[in-house]
Structures are given as C-alpha cells and as structure tokens.
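# Structural characterization, general
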Amino acid sequence: FCSCRGKTARVINYEEFKKALEELAPKRFKDKSKEEAYEAICQLVAGKEPINVGVTKAKTVGAVERLTDTSKYTGSHKERFDESGKGKGKSGRENIVDTSGYVSAYKNAGTYDSKVKK
C-alpha cells in the first residue's frame, strides 16, 4: 500500500485502497485479465474487516511466571502481589500511614460525632 498513499500519510482512504487493489489484482490472479482479476479480488475482500495476522500475545511463562509467583517471595517482597499474581501497585510497595488520628485497629473510627450530644 506504500505506492498508493502519500509519503507522510499513515493511513489510506477508500480511493487509495481501490487503487491498491487494482495494482494487486493482476499479481494475485495471473491467469485472468486485468478486469476479471479486479472483480475477483473485490469479491475476496467484500464484507470483511481488516485483521491482525501474527499479533504478539502476552506470555505468562518462563521468567514472568516465576516473578509473579508469590509463594517464592519472602519478606516484604511477597506483599507486592495478590494471590492471583497481579501486582498491587503502590499499596504493595509502600506502607500507607493512616493519619485520621485514631489508634490503629480501633473499630469505631468516625463514630464520635454520633455519640456526643450537641
């Protein structure tokens, strides 16, 4: 499609696509005339959408599998991933301090206003 689009263009429009098909048709169907080859290639692409052939998929084997297996981590490193192996982000790397003013593990935090009469 490089010969059909402009030098700086990254995509092609419909007219450029049709021009590219006209150029590709005789190469694909060598035994047919130019018009018959164009009709045949139009029938091939009719009603279809672009597909991504050979797209690389994410792999979870080898080193990645070992790195996200929390059973092999010790100390604070095992806190970085949950049970499924997904990273926890900032909460897994840093201790987030509760600055609400309540003692840690206090169960009735935030209920003072409801107990005090005004």
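Predicted model, so just to flag it, every value in this text is computed and none were measured. (Residues numbered from 1 in each chain as written. Predicted model: local features only at pLDDT ≥ 70, side-chain atom pairs only at ≥ 80, totals over all residues. Heavy atoms only, no water.)

This paragraph deals with the overall build of the protein. For the protein, the helix and strand inventory stands at five helices and zero strands. When the helices and strands of the protein are read in sequence order from the N terminus, they spell out α-α-α-α-α. Out of the 118 residues belonging to the protein, those deemed buried represent 10%. Look at the contacts in the protein between residues 6 or more apart in sequence, and 2% of them connect residues 24 or more apart. (Helix = DSSP H or I, 4+ residues; strand = E, 2+ residues; numbered from the N terminus. Buried < 20%, exposed > 50% of the residue type's maximum accessible area, 1.4 Å probe, protein only. Contact = heavy atoms within 4.5 Å.)

The subject of this paragraph is the nonpolar core. Core analysis: the biggest nonpolar cluster contains seven residues, these being Leu21, Ala25, Phe29, Ala37, Tyr38, Ala40 and Ile41. Breaking this core down by element, the ones donating at least two residues are helix 1 (14–28) and helix 2 (34–45). In terms of residues, this core owes the most to one element, helix 2, which gives four residues. Residues within four places of Ala40 in sequence aside, it is in contact with Phe29 and Lys32. (Core = buried A, V, L, I, M, F, W, Y, C linked by side-chain atoms within 4.5 Å.)

The values are spatial; any link to function lies outside them.
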